[in-house]
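Architecture and fold: a report
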Amino acid sequence: ITAQIAARSADFRKLTEDPTPQEVAQRLQGRILIEILRVAQFQPAPEKLVGDPLYTAVALFPDGRMDMVDLGAAQPIDDLIDAYLQTQQVIDNREQSDTLAEKLGEIILAPIAKMAGTAKEWNLSPDGSIRLLPLNALRLKGKYVAETHKIWPLGRSEEHTSELQSRQYLVC
């Protein structure tokens, strides 16, 4: 029925069409739109077409340009995230927490910062376990990211609820 209405109404068609990357870029107000994706690695081998998952970041810049950077294998990153979240549950554990925040910042945010160049404001949509991280609390070059960048996390709250409830150490 949506297709029938769209065929008759240009206004409805315009409201229901997905925006082009250029249209989105025009509305970024100087920020970069970054999506971190947890994807399966393609391996062109008959016995195994899909490899281990990895994280990659795709960016849309205000000028309409797009770029991408590989963040690495997902499992080691997920393991560090689990360790970091565990340290957040313990009082007087700041040194270990800061060490893990620095490692995560170097693995996840440093490649994105290099790709972003001088742009310091990001709309960031994380995937996988990365969406559980307080990204502004990670560290880059000895500073909290919130001191040098403005990261605006994007996502739906219902995506986070089931993941948080499945983590034993986060259940209240």
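Each remark here, short or long, concerns the structure printed above.
What this report covers is the structure whose coordinates are included nearby.

Rules used in this analysis
- Residues numbered from 1 in each chain as written.
- Predicted model: local features only at pLDDT ≥ 70, side-chain atom pairs only at ≥ 80, totals over all residues.
- Heavy atoms only, no water.
- Helix = DSSP H or I, 4+ residues; strand = E, 2+ residues; numbered from the N terminus.
- Buried < 20%, exposed > 50% of the residue type's maximum accessible area, 1.4 Å probe, protein only.
- Salt bridge = Lys/Arg side-chain N within 4 Å of Asp/Glu carboxyl O.
- Pairing = 2+ DSSP bridges.
- Phe/Tyr/Trp six-rings, centres within 6.5 Å; stacked < 30°, edge-to-face > 60°.
- Lys NZ or Arg CZ within 6 Å of the ring centre and 35° of its normal.
- Bend = angle between axes of the 7 residues up to and from the residue.
- Core = buried A, V, L, I, M, F, W, Y, C linked by side-chain atoms within 4.5 Å.
- Contact = heavy atoms within 4.5 Å.

**Some remarks on the environment of Glu23**
Mapped onto the secondary structure, Glu23 falls in helix α3 (residues 21-26). For the pair Glu23 and Pro62, spaced 39 residues apart in sequence, the C-alpha to C-alpha distance is 9.8 Å.

**A closer look at unusual backbone geometry**
For residues that are not glycine, phi is negative in most cases, and the peptide bond is trans in most cases. One non-glycine residue with positive phi stands out, namely Lys141, at about 50°. Among the structural elements, Lys141 can be located in the loop between β5 (139-140) and β6 (143-144). With relative accessibility at 77%, the residue Lys141 sits in the exposed group.

**Let's talk about the pattern of salt bridges**
With the rule as written, the count across this model stands at 5 salt bridges. The salt bridge involving Arg94 is made with Asp98; its shortest N-O contact spans 3.4 Å. On the criterion of helical spacing, the pair formed by Arg94 and Asp98 is a turn pair, its members being 4 residues apart in helix α5 (residues 94-116). The exposed category is assigned to Arg94, whose relative accessible area is 56%. Glu102 is the salt-bridge partner of Arg139, the closest N and O atoms lying 3.7 Å from each other. With Arg139 in strand β5 and Glu102 in helix α5, this residue pair connects regions lying 37 residues apart in the sequence. Residue Glu102 is classed as partly exposed on the basis of its relative accessible area, which comes to 23%.

**Thoughts on the pairing of strand β4 (residues 121-125)**
Counting buried residues in β4 gives 4 out of 5 residues, a clear majority hidden from the surface. In the sheet, β4 pairs with strand β7 (residues 150-153) via 4 bridges, with the strands oriented parallel. Each residue of the ladder has a partner; that of Glu121, found in β7, is Lys150.

**Brief notes about the packing of aromatic side chains**
This model, assessed by the stated rule, comprises 0 aromatic pairs. Across the ring face of Phe61, the terminal group of Arg65 is positioned such that the distance to the ring centre comes to 3.8 Å. For Arg139, the ring lying beneath its charged end belongs to Tyr144, and the centroid distance is 4.3 Å.

**Digging into α5**
Along α5, the sharpest kink reaches roughly 45°, centred on Leu109 and followed within four residues by the proline Pro111. Gly117 sits one or two positions beyond α5 and adopts a positive phi of about 65°.

**Describing the nonpolar core**
Among the nonpolar cores identified, the biggest contains 35 residues, and Ile112 and Trp122 are the most heavily contacted of them. Where this core is concerned, the elements lending two or more residues are β1 (32-45), β2 (48-60), β3 (66-73), α4 (74-87), α5 and β4. If you tally residues by element for this core, the top one is α5, at 9 residues. With residues near it in sequence (within four places) discarded, Trp122 still touches Ile32, Ile34, Leu109, Ile112, Ala113, Ala116, His149, Lys150, Ile151 and Trp152.

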